[in-house]
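Survey of secondary and tertiary structure
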Amino acid sequence: MDYGECFGKGEFFNPILAMGTQVSCLLVISHFFQLLLKPFGQPAPLAQILSGFVLGPSCLSHIDSVKTFFFYNSTEYYETMVLYARMMIMFLIGLETDIPYLRRNLYVASVIAGGSCLICTLFALAATTFIYEEIGAHGSAFMMALTLAVILSNTASPFVVRLAHDLKFASTDLGRLAISCSLLGDGYAAFLLIVMSRNKRNDAFSTCFFLGILYFVIVIAVVFVNRYVANWLNRRNRNQKYLKNTELFIIGCFLIGAMFPRGGKTGRTLLTKLTYTVHNFVLPIYFGYSGFKADVAFMSNLRGFAIVAILILLSIGGKVTGILAACFHLKIPLNQGVLLAFLMNLKGHVDLLALTIVLEDKVMSSQLFYNLMVAAVVVNSLIWGPIIASVVKSESDIFGYMHVAFEFQSPESELKLLACVHNPRPFATMIGLVATFTSENIAITPYLMHLIELPEKTKTNLLYHQKEEDELSDDDDYGGNDEVEINEAVDIFAFETGVNIYQSKVVAPFATMYSDICEFAEDSRTSFIILPFHKHQRIDGKLESGKEGIRITNQKVLRFAKCSVAILVDRGLTAGASLASNSGSLQHVAMLFFGGPDDREALGLSKRLGMHHHVNLTVIRFLHASQKLENIGIDVAYQDKDVLMAISNGEPENDMDNKAMSDFFNRYVASGQVGYVEKHVENGGETAIALRDMADMYSMFVVGKGAGCNSLTTGLSDWEECPELGKVGDYLASSDFDLSGSVLVIQQHRSSRNGDGDQ
């Protein structure tokens, strides 16, 4: 059998072979367009739709041989594959969706999505009669109205999600809100599809109601089975990083990603296995199918072009009108409302599915209507994709990384933090520290980055089979045993606290590792980064130096990070170490305040620590002995339950310190939530004595990196080992200082640091 017979006859395997070849062509062309458009800042979905558009009847399929190859006897197979692709994509979106954010902002997202869907539905009803008469359709006008309502009101959530990630604004508040609204809009369009499919069967209301209840019960049952199976698989083989492929096959049967448990190796395996496959293979097929269905030849006459233009204008008009009205009600700024409207105007597979239902079920016999609607959907996405990309690039004040220091943050605001570990040794302390920031009423999004050194390759004349076992390595096995321990600890933490930690892994040489940390922190919009100290505690309590590369990485992150940075000196008795296990023991934390921006940042972070019900926080302010007589500091005299701040000496830095301390005192100390102590010292010697006296009283010390750059610490830096900790932090972390508690040294981000050469 020759090549022509293979594609020219109707044997069973021919359509499958043709479909495989078509998919290969689609993948190659989509990646080509992606490489071509990426320098211009265009997202991947645009390139993938464009590849299908080029291969479809609008371009290359005008050639008879190409048309025969792409459309002969394999269209149904391709549509079925796209349907399964949609299921995989939605499952992955469900796993990646920030459910806590959606839960907190459900009202806002519902109002915005509801406003856009309502106005678009009204526009669809108004335009139905005009379009019905213009194209000479035959059949149900009601079905055409429903179809137009789906086309105008739907938002392609896969398109929005990919666009947000490619343009790196998915972690912003506006990006997360847009994704949440698109999911709700997709749900409304799916509901209209159900109405359309039931309407063609003319089922009674009681039958529809019964089937609806039955489907709901099935979904709830699958959710519970999901949770049981996931927990069962998480308990099996605890000493492995991921599930086996056979175990993964079991999970593949339950495609309800949004309700799937995220904790444990089950969710971690699904994310790892699906992310690469979906992003590189499934999404190009899925988005390419949209462009593949469009035929702009039907827009060649003025009437067809006018109908497509009217639909595009009605769609954007409905989205802008509905969303701006909702944003006005919710007091959301106008420019953010317009951007939301643009994002919500992206179309996709649900629109094509509605058109297919209308055409195949013969409720409306108008091929012209089908072709014009498909062209409108695809052209709409091709128009608004680049517009959104350019708007996102220009609106840096909305989507750019804007760090707000803890000094100015409200402790009730959402906290995003990035904790970094090189090995499991400091992990218990690190995870305990994260636990101290968790609260029932305060949102927290913790990220954990496992930092793995990429060793330099050494030249050898040995063949592969001649190498020793410890010389063999695989990229996926970097940090293998350490990763198993870390994953197990993360799973236990998520189970006990209900807080999901988003994990990532960086394999890089120490010389460039800092750039990966800073870039990840910027993309995820974290408030601050927690780094492990390069020394670790021995059995005798002394600190032993680790790899010098860890210290160099810390120094570079302190210099180049665009957010606040903390270095954790782990002594094994951190305030939160026992909180992660719900021990219920009260932990004593001391915040040492000497003055300066770093200390104010540490004070701002301490507000969050003091809100934990298992943390007893004490703020210890060091003042010069002469100020005791001048009564500079806190006046403990109460008047109408207000605590008054004494007048400072007029220096701007002291004024800011006094104001910050006054606000903190009035809110937290006066209410009895936090303790407050003043220490009056003359010089660094007395400061050292005061620090030694309190060494065994607290399980953690929080201090600013720039603390004590004055006469209070004179002499502390005479034997300074680690300037990256500051004078006080270095003294607390020194081997000569007999301290049982851990130390958290915080540096506030200031733009001038990036230009400093000495850090």
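Counting of residues starts from 1 at the beginning of each chain's written sequence and follows it residue by residue. Reporting in this predicted model follows two pLDDT cut-offs: at least 70 for local features of residues, and 80 or more for side-chain atom pairs to be given and counted; totals over whole chains, interfaces and linings ignore these cut-offs and use all residues. Side-chain calculation: all heavy atoms of the structure are included, whereas hydrogens and water are not.

1. Points about the overall build of the chain
A count of helical and extended segments in the chain gives 27 helices and 14 strands. Residues counted as buried form 52% of the 759 residues belonging to the chain. The criterion used for residue contact is that any of the two residues' heavy atoms lie within 4.5 Å. Sequence-distant contacts in the chain: of pairs separated by 6 or more residues, those separated by 24 or more amount to 80%. For the chain, the computed accessible surface area is about 34,300 Å², with 60% contributed by carbon and sulfur atoms. Per the convention used, a helix needs a DSSP run of H or I reaching at least four residues, while a strand needs a run of E reaching at least two, with both numbered from the N terminus. To sort residues, take the accessible area from a 1.4 Å probe on protein chains only and compare it with the maximum for the residue type: under 20% means buried, over 50% means exposed, and anything in between is partly exposed. Areas reported here follow the Shrake-Rupley algorithm with a probe of radius 1.4 Å; residue values treat only the protein chains shown as occluding.

2. A word on the packing of aromatic side chains
To pair, rings of Phe, Tyr and Trp, with the six-membered ring standing in for Trp, must have centres within 6.5 Å; the planes then decide the type, stacked if under 30 degrees apart, edge-to-face if over 60, and tilted in the middle. Tallied over the entire structure, the rule returns eleven aromatic pairs. Arranged with centres 4.9 Å apart and planes meeting at 35°, the rings of F342 and W384 form a pair that is tilted. Here the residue F342 occupies a position in helix α15 (residues 334-343), and W384 occupies one in helix α17 (residues 367-394), the gap between them amounting to 42 residues. For W384, a relative accessible area of 11% gives the class buried. Seen from their ring centres, Y447 and F520 are 5.6 Å apart, and the 80° between their planes marks the pair as edge-to-face. On the criterion of sequence distance, the pair formed by Y447 in strand β2 (residues 444-453) and F520 in helix α21 (residues 510-523) is long-range, its members being 73 residues apart. You can call F520 partly exposed: its relative accessible area is 23%. Taken together, F406, F437 and F528 form an aromatic cluster joined through their ring pairs.

3. So, the pattern of salt bridges
Salt bridge, as used here: a side-chain nitrogen of Lys or Arg that lies within 4 Å of a carboxyl oxygen of Asp or Glu. In the structure shown here, the tally under the stated rule is 13 salt bridges. Of the charged contacts, one joins K168 and E519 as a salt bridge, the two residues approaching to 3.8 Å between their closest N and O atoms. With K168 in the loop between α9 (157-166) and α10 (173-199) and E519 in helix α21, the pair connects residues that are 351 residues apart, well separated along the chain. Residue E519 is classed as partly exposed on the basis of its relative accessible area, which comes to 42%. Taking the shortest distance from any N to any O, the salt bridge between E721 and K535 comes out at 3.1 Å. With E721 in the loop between β13 (700-704) and α27 (726-733) and K535 in strand β5 (residues 535-537), this residue pair connects regions lying 186 residues apart in the sequence. By relative accessible area, which is 8% here, K535 ends up buried. Through salt bridges with shared partners, a single network forms among R104, D173, R176 and E414.

4. What about the pairing of strand β4 (residues 528-532)?
Within β4, five of the five residues are buried, which leaves the element mostly enclosed by the surrounding structure. Alternating residues of β4 divide into F528, I530 and P532 and I529 and L531, and every residue in both groups is buried. In this scheme, strands are said to pair when DSSP sees at least two bridges between them. Alignment of strand β1 (residues 415-421) against β4, held across three bridges, turns out to be parallel. Looking at β4, one finds that A419 is bridged to I530.

5. A few points about the packing of helix α7 (residues 106-134) against helix α14 (residues 302-330)
In a packed pair of helices, the relevant descriptors are the angle between the two axes and the axis-to-axis distance. One can describe the packing of α7 onto α14 by two numbers: an axis separation of 8 Å at closest approach and a directional angle of 155°. For the element pair α7 / α14, the angle class is roughly antiparallel. α7 and α14 meet at a crossing whose hand is right-handed. Three classes are used, and their members are as follows: Ala, Val, Leu, Ile, Met, Phe, Trp, Tyr, Cys and Pro are nonpolar, Asp, Glu, Lys and Arg are charged, and the others, Gly among them, are polar. Broken down by class, the residue content of the contact of α7 with α14 amounts to 17 nonpolar, eight polar and three charged. Axes here mean lines fitted to C-alpha atoms, for a helix over just the part in contact, with angles spanning 0 to 180 degrees between N-to-C directions. An angle below 35 degrees is treated as roughly parallel, one above 145 as roughly antiparallel, one from 65 to 115 as roughly perpendicular, and anything else as oblique. The sense of a crossing depends on the near helix, which, turned anticlockwise from the far helix by less than a right angle, makes the crossing left-handed and, turned clockwise, makes it right-handed.

6. Overview of the sheet that holds strand β12 (residues 675-681)
Reading across the sheet, the ten strands line up as β3-β2-β1-β4-β7-β14-β13-β8-β9-β12 and stay open at both edges, with mixed pairing between neighbours. Of all the strands in the sheet, just β3 (502-508) and β12 have a single pairing partner and so form its edges. Direction aside, the axes of adjacent strands within the sheet are offset by 20° on average. Of the strand pairs in this sheet, β1 and β2 are connected by seven bridges, and their pairing is parallel. Looking at the pairing, L415 lines up with I444 of β2.

7. Some points on the nonpolar core
In plain words, nonpolar cores are sets of buried Ala, Val, Leu, Ile, Met, Phe, Trp, Tyr and Cys residues tied together by side-chain atoms within 4.5 Å. Core analysis: the largest hydrophobic core is formed by 104 residues, its most contacted members being Y78 and I112. At 16 residues, α17 tops the list of elements feeding residues into this core. In this structure, I112 is in contact with L177, C181, I323, A326, L330, I332 and L340, ignoring residues within four places of it in sequence. By size, the runner-up hydrophobic cluster in this structure holds 50 residues, among which are L418, L451, M513 and L712.

8. Examining the state of the cysteines
To count as a disulfide, a pair of cysteine sulfur atoms needs to be within 2.5 Å. Within this structure, the stated rule accounts for zero disulfides. Summary of cysteine pairing: C181 is not part of a disulfide, and the nearest cysteine sulfur, belonging to C327, is at 8.2 Å. According to the relative accessible area criterion, C181 is buried, its value standing at 0%.

9. So, the pairing of strand β9 (residues 615-624)
Among the ten residues that make up β9, eight are buried, leaving the element largely enclosed by the rest of the structure. Sheet topology places strand β8 (residues 587-593) next to β9; seven bridges connect them, and they run parallel. Of the residues in β9, the one forming a bridge with H588 is N616. Pairing of β9 with β12, which is carried by seven bridges, proceeds in the parallel orientation. Within the sheet, the bridge partner assigned to H624 lies in β12 and is V681.

10. Digging into the side chain of K607
When you line up the elements, K607 lands in helix α23 (residues 597-610). A residue counts as positive if it is Lys or Arg and as negative if it is Asp or Glu; His and the chain ends are not included. The side chain of K607 sits in the buried core without any salt bridge; D663 is the nearest counter-charge, 6.8 Å away. If we ignore the near neighbours within four places in the chain, the residues touching K607 are E407, P411, F664 and Y668.

11. As for the packing of α7 against helix α8 (residues 141-153)
With their axes 8 Å apart at the nearest point, α7 and α8 run at an angle of 135° to one another. The orientation of α7 relative to α8 falls into the category oblique. Judged by the sense of rotation from one axis to the other, the crossing of α7 with α8 is right-handed. Contacts between α7 and α8 involve C117, C120, T121, F123, A124, L125, A127, T128, I131 and Y132 from the former and A141, M144, A145, L148, A149, L152 and S153 from the latter. For the contact of α7 with α8, the class distribution of residues is 14 nonpolar, three polar and no charged.

12. Re helix α22 (residues 548-560)
Residue pairs three or four apart in sequence face the same way in an α-helix, which turns once every 3.6 residues. To estimate how far a helix should reach, multiply one less than its number of residues by 1.5 Å. The end-to-end C-alpha distance of α22 is 19 Å, a good match for the 18 Å that 13 residues give at a rise of 1.5 Å each. Within α22, the full set of buried residues consists of G549, I550, R551, T553, N554, V557 and L558. Where α22 is buried, its residues touch α21, β4, β7 (564-569) and β14 (742-747).

13. Notes on helix α26 (residues 684-693)
Within the sequence span of α26, burial applies to G684, T687, A688, A690 and L691. Around the axis of α26, the buried residues are gathered within 160° of arc, so they sit on the same side. Seen from the buried face of α26, the exposed residues on the opposite side, beyond 90 degrees, are I689 and D693. The definition of a polar contact used here is a pair of N or O atoms within 3.5 Å, where within protein one atom must be able to donate a hydrogen and the other to accept one, and adjacent residues in sequence count solely through side-chain atom pairs. A side-chain oxygen of the first residue of α26 lies 3.1 Å from the backbone nitrogen of G685; this N-cap is N683. Note: the arc covers the axis-to-C-beta directions of the helix.

14. Side note on the confidence of the model for the chain
Do not read the fine detail of predicted coordinates wherever pLDDT is low. Summary statistics for the chain give a mean pLDDT of 76 and a share of 75% for residues scoring 70 or more. For every residue, the pLDDT score states the predictor's confidence, bounded by 0 at the bottom and 100 at the top. This model gives residues 246-255 a pLDDT under 50, and the stretch forms 19 contacts once residues within four places in sequence are excluded. In the predicted structure, residues 754-759 sits below a pLDDT of 50 and forms twelve contacts with residues beyond four places in sequence or in another chain.

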